[in-house]
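The residues making up each chain are set out below.
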Amino acid sequence: MATRPRIEVDPHGDTGSHRLTTAAPRTGSGDRPSARRRTRRPERAEALVWALAALHAAVFAWLSVARHHAFATGRFDLGNMVQAVWSTTEGRFLESTDVSGEQFSRLGAHVDPILALFAPLWMVWPAPEMLLVVQAVVVASGALPAYRLGRRWLGDRRLAVAGAAVYLLFPALQSAVLFDFHPVTLAAPLLLFCIWAAEEGRWVTLGVCAALAAVCQEQVGLLIVMLAVWMWFRHPSRRLGAALLAAGAAAWVVVANAVVMPAFALDGTSPHIGRYERLGDGPGEIIRTALTRPWEVVEIIATPGRAGYLLSLLVPLFLLPLAAPLLAAVAVPQLLINLLASSGPAQSVEYHYAVLLVPVLVAAAMLGLARLRARTGAGRGEGPLARPGRVAAAMVGAVALAGVWQGPLPLWGWVPGGWDGSPLHQFTKDAEARAIAHAVDRVPERAAVSATNSAGAHLSARRRINLFPNLAGTRWALVVDSERARRVAHDRPTLRPPGTRARIRQLRTSPLWRLVFEEGDVRLYQRVPRRLS
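Residues numbered from 1 in each chain as written. Predicted model: local features only at pLDDT ≥ 70, side-chain atom pairs only at ≥ 80, totals over all residues. Heavy atoms only, no water.

**Examining unusual backbone geometry**
So, step 1. Of note, the amide linkage connecting Phe 468 to Pro 469 takes the cis form, showing an omega dihedral of 20°.
So, step 2. You can see Pro 469 is positioned in the loop between strand S6 (465-467) and strand S7 (476-480).
So, step 3. Despite not being glycine, Arg 446 has its phi angle at roughly 70°, a positive value.
So, step 4. In this fold, Arg 446 is placed in the loop between helix H19 (431-441) and strand S5 (449-451).
So, step 5. For Arg 446, a relative accessible area of 46% puts it in the partly exposed group. (Helix = DSSP H or I, 4+ residues; strand = E, 2+ residues; numbered from the N terminus. Buried < 20%, exposed > 50% of the residue type's maximum accessible area, 1.4 Å probe, protein only.)

So, in structure tokens, the structure goes:
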């Protein structure tokens, strides 16, 4: 007898969300499906999600390590994470060398103390590859809450598996995993676990994941506050928990930004304020401008580049997050941070700036799809969304197609019109990479060194490493002056500070430095010891 779908109204739904379930067929003898038959399919579906997550972790760990070995990672940002973790194992909590050459705690640049948790792992596996592999594994774990949310909201395991696949295939997420290592990238799966735990009422999971996410970067707590707002309206019976979650997250954001960062910053202020100078010179002035002159905010956001950025995030999801606006609003703090920043990497999915948006948008897309299916009669076999298999295929196909133009995977270069790579994503160890490796091997362990960005990630497990051309306090200088290095610095000019060309010319003729290695565009210099008179 045919299975009959039916719609169940979620008693906690705040926006008319529904759960699609399937009624068991009635038989003449009153038999019901056996427990074994009822549990086999969920086990198989979840096992598939585990397999997809494992495959994603393996592929992206391999690609991240290959990229590192090809010297496509940099002193900024993998290198300064390596130095902060290494320094912690040496008893100097998150100490790093700033772009200016000053020694300071990384907490003065970003409040991401979760880095300290990597110190014990560094003592077991003391290599940058450890950070890259752990990042790939942690990010892939987000497929599990994505699947469970889909199963709860959509009532169909094909759609739930598709939701997990969409998360794993999202171009912004993949780019973040492959763009060096950033603690904020670890917050993406943690936020998905938070959404799932808030929906299921799993308080311990919610508290642990929210705390871990908050210490991934100073602004993540703002998204947790917005998640608590969503939880307040969606689950009225859990409002006390939502209020406590919001209060804790908001308090941490204030402490992180108003106390911790100024205490450790070299000049006592956030180093990121300059990105918002069009709105003001400090947090207070920026907030006043937004509240009293909102048209200035609109002028910044209403540009073709920022519109294209929004479309690149929403179109692969068929604009479905807009059908669950309250959940999608959880992403608003990070979205505004990106949109109001100076034009450049913050409005691109090629870096890591959009990674916090991914879990929220994917979850909102699934909830939005559930609402649309309920409204169009999909549970009664009516409307264009009534066939879960086709809808699931469309979801996965759309995000995979977006990856052809936006994603970082090298295989898309083989597709006509597809993404053909950038200097940020090199996965093959070419002649330049081999030359840099030879030069790196000649630099003594722990010796103070100045290096250009592409060599820096391989030299950062030491007390002092300056970004070239700063030579203060160093005895070695590793210079890579290739066309690729210049192209990488085009979008990130801080990686090639003013005076680089002049310093390169100076080293060639200076009696204070001697050339000890040269191959192609790679040169290694050693400071000449002073003679005692």
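Further notes follow.
**As for the packing of helix H6 (residues 157-169) against helix H17 (residues 357-375)**
So, step 1. Their axes nearest at 10 Å, the elements H6 and H17 cross at an angle of 155°. Comparing their axes, H17 and H6 come out roughly antiparallel. Crossing geometry of H6 relative to H17 is assigned as right-handed. Along the contact surface, H6 presents Leu 159, Gly 163, Val 166 and Tyr 167, while H17 presents Val 358, Val 362, Met 366, Leu 369 and Arg 373.
So, step 2. Its residues assigned to classes, the contact of H6 with H17 shows 7 nonpolar, 1 polar and 1 charged. (Axes fitted to C-alpha atoms, helices over the stretch in contact; angles between N-to-C directions. Parallel < 35°, antiparallel > 145°, perpendicular 65-115°, else oblique. Left-handed = near helix turned anticlockwise from the far one by under 90°. Contact = heavy atoms within 4.5 Å. Nonpolar A, V, L, I, M, F, W, Y, C, P; charged D, E, K, R; others polar.)

**Notes on helix H22 (residues 500-509)**
So, step 1. Residues Thr 500, Ile 504 and Leu 507 constitute the buried set of H22. Seen end-on, H22 carries its buried residues on one side only, within an arc spanning 65°.
So, step 2. Packed against the buried residues of H22 are S7, strand S8 (513-519) and strand S9 (522-527). (Arc of directions from axis to C-beta.)

**Examining the nonpolar core**
So, step 1. Membership of the largest hydrophobic core comes to 120 residues, with the highest contact counts inside it found for Trp 153 and Tyr 167.
So, step 2. Looking at which element gives the most residues to this core, the answer is helix H8 (residues 183-200), with 13 residues.
So, step 3. Residues Ala 435, Ile 436, Val 440 and Leu 459 belong to the second largest nonpolar core, which totals 20 residues. (Core = buried A, V, L, I, M, F, W, Y, C linked by side-chain atoms within 4.5 Å.)

**Description of the pattern of salt bridges**
So, step 1. In total, this model carries 20 salt bridges according to the counting rule given.
So, step 2. With a closest N to O distance of 3.4 Å, Glu 432 and Arg 484 form a salt bridge. Residue Glu 432 is located in helix H19, and its partner Arg 484 is located in helix H21 (residues 483-491); the two are separated by 52 residues in the primary sequence.
So, step 3. By relative accessible area, Glu 432 is classed as buried at 19%.
So, step 4. Relative accessible area serves as the criterion here: at 12%, Arg 484 is assigned to the buried category.
So, step 5. For Arg 523, the salt bridge identified is with Glu 518, shortest N-O distance 3.2 Å.
So, step 6. Residue Arg 523 is classed as buried on the basis of its relative accessible area of 14%.
So, step 7. Residues joined by salt bridges that share partners form a network here, namely Asp 481, Glu 483, Arg 486, Arg 496 and Arg 501. (Salt bridge = Lys/Arg side-chain N within 4 Å of Asp/Glu carboxyl O.)

**Some points on the sheet that holds S8**
So, step 1. Read across the sheet, 5 strands follow the order S6-S5-S7-S9-S8 without closing on themselves; strand pairing throughout is mixed. Of all the strands in the sheet, just S6 and S8 have a single pairing partner and so form its edges. Averaged over all pairs of adjacent strands, the angle between strand axes in this sheet comes to 20°, irrespective of strand direction.
So, step 2. Here 3 bridges tie S5 to S6, and the two strands are oriented parallel to one another. Each bridged residue has a counterpart across the sheet, and for Ala 451 the counterpart in S6 is Leu 467. (Pairing = 2+ DSSP bridges.)

**Some words on helix H2 (residues 75-89)**
So, step 1. Counting buried positions along H2 yields 14 of 15 residues, so the element is predominantly enclosed.
So, step 2. After H2 finishes, the residue Gly 91 shows a positive phi value of roughly 95°.

**As for the pairing of S7**
So, step 1. Most of S7 is tucked away: 5 of the 5 residues are buried.
So, step 2. Taking every second residue as pointing to the same face, both faces of S7 are buried, with Trp 476, Leu 478 and Val 480 on one and Ala 477 and Val 479 on the other.
So, step 3. The sheet contact formed by S5 and S7 spans 3 bridges and is parallel. Within the sheet, the bridge partner assigned to Ser 450 lies in S7 and is Ala 477.
So, step 4. In this structure, S7 lies alongside S9, joined through 5 bridges in antiparallel fashion. Along S9, the bridge assignment pairs Leu 478 with Leu 524.

**Points about the packing of aromatic side chains**
So, step 1. What the rule picks out here adds up to 4 aromatic pairs.
So, step 2. With centroids separated by 6.5 Å and ring planes inclined at 80°, the aromatic side chains of Trp 153 and Trp 230 adopt a geometry described as edge-to-face. Note that Trp 153 is positioned in helix H5 (residues 143-154) and Trp 230 in helix H10 (residues 220-234), a separation of 77 residues in sequence. A single burial state applies to Trp 153 and to Trp 230, both of which are buried.
So, step 3. By way of ring pairs, the aromatic residues Phe 179, Tyr 351 and Tyr 353 are connected into one cluster.
So, step 4. Directly above the aromatic system of Phe 76 lies the positively charged group of Arg 75, at a separation of 5.2 Å from the ring centroid.
So, step 5. Between the NZ or CZ atom of Arg 148 and the centre of the ring of Trp 196, over which it lies, the distance is 5.5 Å. (Phe/Tyr/Trp six-rings, centres within 6.5 Å; stacked < 30°, edge-to-face > 60°. Lys NZ or Arg CZ within 6 Å of the ring centre and 35° of its normal.)

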